[in-house]
Amino acid sequence: MIRTLTAVYLLLTGAWDTLADTEIKSLHVKTDIFHRYASTTVSSLMVNSADETEEATFVVIYPDSAFITRFIIEANGNVYKAKMKNKEDIKELVKENATNFTIFVRDSHRISVSTKLEAHAEIKFSMDYEELLPRKLGVYSNVITLNPEQIVEDLNVTVNIEEPSPITNLDVCDFQGFNEVTADIFKPNQIAKIHEKSPYSKTIVW
């Protein structure tokens with residue numbers, strides 16, 4: 001029998017500021033892991049609560065081994081979609097359909113999309129990425145990075161795991177900030193809930 005352990009690390013970075021005019025109403029992350037292949041969707045709804053135009057920025061930091069498969073922007077009753085072959089496809093989507101969007105790629109695994117959002121308007125961003133999780137001695141991990149830079153009331157992370165052999169050990173580790181130095185990186189997360197559907201299938205909800 002293959003011993004399978006899955007560890008999920010939820011990483012937070014940035015300032016948590018509730019005074020931002022462009023409010024993140026919701027930030028949802030959903031990962032489906034099937035036989036070590038992880039498919040993740042990050043979606044965020046933003047609202048400009050000010051009486052004037054403000055900037056809205058959607059930032060996704062994804063793992064080094066992952067690749068983007070889809071990117072969607074919903075604004076002003078329009079839906080802009082890009083089928084991803086490489087990161088340049090996002091820039092082409094913006095160039096062809098939404099000239100008021102700005103793409104900033106800081107490095108190969110951090111994408112930032114900014115736009116001017118009219119007073120009391122809302123916008124929704126969604127991005128999918130996939131990766132094959134490396135396994136060593138029957139153990140693999142999945143890392144989810146969050147970067148809202150403000151307090152988000154509707155913040156949800158769901159991870160569905162299904163393996164061909166029984167999952168004998170599943171750990172959800174506590175949040176680690178990018179600038180946080182701690183020796184106990186495997187400290188258990190007290191908020192996350194683990195639901196066991198069967199010995200082969202489990203769901204983590206935070």
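Because the structure is predicted, anything quoted here is derived from the model rather than measured.

S.K.: Quick question: what am I supposed to make of the overall build of the protein chain here?
M.R.: Of regular secondary structure, the protein chain possesses 1 helix and 14 strands. Accessible area of the protein chain: about 11,300 Å², with a carbon and sulfur share of 50%.

S.K.: Can you help me understand the side chain of Arg-36 in this one?
M.R.: For Arg-36, the location among the structural elements is in the loop between β2 (22-34) and β3 (37-48). One buried charged residue, Arg-36, remains without a salt bridge, the closest side chain of opposite sign being Glu-163 at 6.0 Å. Among the polar contacts made by the side chain of Arg-36, one reaches the main-chain carbonyl oxygen of Leu-133 at a distance of 2.5 Å. Setting aside anything within four residues of it in sequence, one finds Arg-36 in contact with Glu-131, Leu-132, Leu-133, Pro-134, Arg-135, Tyr-140 and Glu-163.

S.K.: Help me out: how do you make sense of the pattern of salt bridges in this one?
M.R.: Side-chain pairing between opposite charges can occur once the charged atoms of the two side chains come close. Using the criterion set out here, one finds 3 salt bridges in the structure. Note that Arg-70 is salt-bridged to Asp-128, the shortest N-O span being 3.0 Å. With Arg-70 in strand β5 (residues 67-75) and Asp-128 in strand β9 (residues 122-132), the pair connects residues that are 58 residues apart, well separated along the chain. Among the ionic pairs, Arg-135 bridges to Glu-163, the shortest N-O distance being 3.8 Å. Linking Arg-135 in the loop between β9 and β10 (139-146) with Glu-163 in the loop between β11 (154-162) and β12 (167-177), this pair joins segments that are 28 residues apart in sequence.

S.K.: Explain the pairing of β3 here, please?
M.R.: Strand residues, when the strand is regular, have side chains that alternate between the two faces of the sheet. Pairing of β2 with β3, which is carried by 12 bridges, proceeds in the antiparallel orientation. When the sheet's bridge partners are listed, Thr-22 is paired in β3 with Asn-48. Here β2 hands over to β3 after 2 residues, with His-35 in that stretch at a positive phi of 55 degrees. Of the pairings in the sheet, the one linking β3 to β9 comprises 11 bridges and is antiparallel in character.

S.K.: Got a minute to help me understand the environment of Met-46 in this structure?
M.R.: Secondary-structure assignment places Met-46 in strand β3. Once the C-alpha coordinates of Met-46 and Phe-58 are considered, the two residues, 12 residues apart in sequence, prove to be 8.8 Å apart. If we ignore the near neighbours within four places in the chain, the residues touching Met-46 are Thr-22, Glu-23, Ile-24, Lys-25, Ala-56, Thr-57, Phe-58, Leu-117, Ala-121, Glu-122, Ile-123 and Phe-125.

Conventions we followed
- Residues numbered from 1 in each chain as written.
- Predicted model: local features only at pLDDT ≥ 70, side-chain atom pairs only at ≥ 80, totals over all residues.
- Heavy atoms only, no water.
- Helix = DSSP H or I, 4+ residues; strand = E, 2+ residues; numbered from the N terminus.
- Areas by Shrake-Rupley, 256 points an atom, 1.4 Å probe, with all protein chains shown as cover.
- Buried < 20%, exposed > 50% of the residue type's maximum accessible area, 1.4 Å probe, protein only.
- Lys, Arg positive; Asp, Glu negative; His and termini not counted.
- Salt bridge = Lys/Arg side-chain N within 4 Å of Asp/Glu carboxyl O.
- Polar contact = N/O pair within 3.5 Å; in protein donor to acceptor, adjacent residues only side chain to side chain.
- Contact = heavy atoms within 4.5 Å.
- Pairing = 2+ DSSP bridges.

Any link to function would need more than the numbers given here.
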